[in-house]
Amino acid sequence: EGVAFCLADVWSALRSTLIEPARLTGGIIHSPIWAQILADVLGIPLRPLEAADASALGAAMLGHWGLNHVGQLGDLRIPASTHLFLPDAERHAFYARRHQEFQSLYPLATSTG
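These figures come from a predicted structure and were not determined experimentally. Along every chain, residues carry numbers that run from 1 in the direction the sequence is written. Only residues with pLDDT of 70 or above have their local features reported here, since the model is predicted, and side-chain atom pairs are shown and tallied only from 80 upward, although totals for entire chains, interfaces and linings are computed over all residues. In computing side-chain properties, one takes all heavy atoms of the structure into account and sets aside hydrogens as well as water.

## Considering the nonpolar core
Move 1: Among buried residues, the Ala, Val, Leu, Ile, Met, Phe, Trp, Tyr and Cys ones that are joined through side-chain atoms within 4.5 Å form a nonpolar core. The buried label applies to any residue whose accessible area, calculated with a 1.4 Å probe on protein chains only, is under 20% of its type's maximum; exposed applies above 50%, and partly exposed to all values in between. Counting residues in each nonpolar core, the largest one holds 17 residues, and the members touching the most others are Leu24, Leu38, Leu42 and Leu46.
Move 2: No other element matches helix α2 (residues 32–42), which puts 5 residues into this core.
Move 3: Apart from residues lying up to four places away in sequence, leucine 38 is in contact with Ala4, Leu7, Leu24, Ile28 and Leu46.
Move 4: Formed by 6 residues, the second largest nonpolar core is a distinct cluster that contains Met61, Val70, Leu73 and Leu76. Numbering goes from the N terminus for both helices and strands, where a helix is a DSSP run of H or I of at least four residues and a strand is a run of E of at least two. Only heavy atoms matter for contacts: two residues are in contact if any of them lie within 4.5 Å across the pair.

Written out as structure tokens, the structure is:
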């Protein structure tokens, strides 16, 4: 859950440039429970994406977008699973409260006092 909260902070900072449903790659796609927790924390649908090298795929996508080959990242057609992890509204509300607590405690853990 702590990792999901950190990803939620990144998602929040980048939200205006990202697309939904967000695509999942890597080991998380083999753990339905972990993927569902992330969907619930973020409050957005998540779609698994099978990719041999997700980093290279992401770099290629950003390259096409940066070179104006596509108007938006969502315009790129990448094969993805038909499965979708949908957030549960009740669990999202629970995690939103816990995320606020996490954010308030994080500075205490990183201070040098």
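Next comes the rest of the account.
## Some words on the packing of helix α1 (residues 2–14) against helix α4 (residues 89–110)
Move 1: Interhelical geometry of α1 versus α4 gives an angle of 85° and a closest axis separation of 10 Å. If you check the angle between α1 and α4, you find them roughly perpendicular. Side by side, α1 and α4 meet where Gly2, Phe5, Cys6, Ala8 and Asp9 of the first sit next to Tyr95, Arg98, His99, Phe102 and Gln103 of the second.
Move 2: Here the contact of α1 with α4 is composed, by residue class, of 5 nonpolar, 3 polar and 2 charged. To obtain each axis, a line is fitted to C-alpha atoms, and for helices this fit is confined to the stretch in contact; angles are then taken between N-to-C directions over 0 to 180 degrees. Angles are sorted into four bins: roughly parallel if under 35 degrees, roughly antiparallel if over 145, roughly perpendicular if 65 to 115, and oblique for all others. Gly counts as polar in this scheme, as do all residues outside two lists: the nonpolar Ala, Val, Leu, Ile, Met, Phe, Trp, Tyr, Cys and Pro, and the charged Asp, Glu, Lys and Arg.

## A word on the layout of surface pockets
Move 1: For each structure, a 1 Å grid was placed over the protein atoms alone; sets of points admitting a 1.4 Å probe that cannot get out are labelled cavities, open sets with protein on both sides within 12 Å along at least five of seven lines are labelled pockets, and lining residues have an atom within 4 Å of a point. Grid points are joined across faces, edges and corners, and a volume is the space filled by probe spheres set on the points. Put simply, the second largest pocket is a space of about 180 Å³.
Move 2: Contributing to the lining of the second largest pocket are 14 residues, with Ala8, Val41, Leu42, His92 and His99 lying nearest its centre.
Move 3: Contributions of two or more residues to the lining of the second largest pocket are made by α1, α2 and α4.
Move 4: Looking at the lining of the second largest pocket element by element, the count peaks at 6 residues for α4.

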